Amino acid sequence: MSVSPERQAVEIEGHRLALTHLDRVLFPASGHTKAQVLRYYARIAPVMVAHTADRPASFVRAPEGPGGQSWIAKNPPGGVPRWVRVVPVEHREGVTEQVVLDTTAALVALVNLGAYEVHVPQWTASAGPDGHDRLVLDLDPGPGTDLVVCCRVAQRLRQLLDDDGLTAHAVVSGSKGLHLYAPVYAAAGRAAGGYAKELAARMMGEHPGLVVVSMARVERRGKVLIDWSQNASAKTTAAPYTVRLREGAPGVAAPVTWDEVAACRDPADLAFTPEQVLERAETYGDLLAPLTGDATRAHLP
């Protein structure tokens, strides 16, 4: 995809898009412009879309970048092309229409509208909220700890999951922590959340000075929060490969190998720019591909 400084008309998968404000600097610390973020998404889409397809998406919208106004959006933003798929989703406050990012064109169209950070649930629109096909644990370091400690916690959680017949895959969150995913056969959100909560409690029982399952800030100092709650049907997680809207250079939710997790000695070891994530995808392909297949899928214990 080629772009000019301010505006460019492109055709993606047979759909024409007018990309705008291309020279807008979204991340002043690194100089990343909207054009560069769009280019990243257009190039990473072949691997990213496998993890967002058929999932109702929500977004962190920040048209001016992380330094400007931002908000979480579930409804399609104004200007979404009519060919972008939307599905009805029932929430506590009623039914809303949500976008599904199942093509490169749809992904680029939403990013063009300032929806730079993508979040999806652990279930698909086809299966519904009681058809969770993946389990997630979000490891979030509290004050006084960091990604390195998250990696040590993740290694033990991997063993516990393996003992229960589940295969864990690691994704650096692109912010401060680490996401662990495991592919599962269709399960109700309550069952997935119940198992994840029990697993987190088991880990805390083993390492009470290292792990916490409560989100109370006073309890989190020097510990890693294992957030099991993102398995609830109403919750979402930052999608694999999404750009994260944070101050400084853009982070990316990037899949990593277990060898990389074991070797991590500094948070910078597993901090990747969009350009580095593209290079990794070209070199290794989609490290998270097993999450979408059935080779390692298993039933919840």
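What you see is a predicted model, and the numbers here were worked out from it, not measured in a lab.

How do you make sense of the pairing of strand 1 (residues 7-12) when you look at a structure like this?
As paired strands, strand 1 and strand 2 (residues 15-20) are joined by six bridges and run antiparallel to one another. Looking at strand 2, one finds that Q8 is bridged to L19. Two successive antiparallel strands, strand 1 and strand 2, enclose a turn made up of two residues, where E13 displays a positive phi of approximately 50 degrees.

Mind showing me how you'd approach the side chain of T52 here?
Relative to the helices and strands, T52 resides in helix 1 (residues 34-52). For T52, a relative accessible area of 2% corresponds to the buried category. Discounting residues that sit within four places of it in the chain, T52 has contacts with V100, L101, V118, V120 and A239.

I tried to follow the nonpolar core on my own but got confused; where do I start?
Where a protein is soluble and globular, its nonpolar side chains tend to be buried together. Ranked by size, the top nonpolar core spans 84 residues in total, and within it I44, L135, L139 and L157 carry the most contacts. Looking at this core, the element that brings in the most residues is helix 1, giving 11 residues. In this view, L139 contacts C150, V153, A154, L157, G177, L178, L180, V224, L225 and I226; residues no more than four positions away in its chain are not counted. Among the nonpolar cores identified, the runner-up in size contains six residues, and V136, V171, Y181 and L291 belong to it.

How do you make sense of the sheet that holds strand 9 (residues 115-120) when you look at a structure like this?
Strands in a sheet are paired, the pairing made by backbone hydrogen bonds, and the direction either parallel or antiparallel. Spatially, four strands are ordered 6-5-9-15 in an open sheet, and the strand pairing comes out antiparallel. Where the open sheet ends on each side, the last strands, each with one partner, are strand 6 (71-73) and strand 15 (237-238). Pairing between strand 5 (residues 58-61) and strand 6: three bridges, direction antiparallel. Bridge assignment links F59 to a residue of strand 6, and that residue is A73.

Criteria and cut-off values
Within each chain, residue numbers correspond to sequence positions counted from 1 in written order. Confidence filtering applies because this is a predicted model: local features only for residues at pLDDT of at least 70, side-chain atom pairs given and counted only at 80 or more, and all residues used for totals across whole chains, interfaces and linings. Calculation of side-chain values draws on the structure's entire complement of heavy atoms; hydrogens and water are dropped beforehand. Note on pairing: DSSP must find at least two bridges between two strands before they are called paired. Secondary structure is summarised from DSSP: a helix means a run of H or I of at least four residues, a strand means a run of E of at least two, and numbering begins at the N terminus for each. Throughout this description, buried means an accessible area under 20% of the type-specific maximum (1.4 Å probe, protein chains only), exposed means over 50%, and partly exposed covers the range between. Every residue pair with non-hydrogen atoms within 4.5 Å of one another is taken to be in contact. Residue types Ala, Val, Leu, Ile, Met, Phe, Trp, Tyr and Cys, when buried and joined through side-chain atoms within 4.5 Å, form a set referred to as a nonpolar core.

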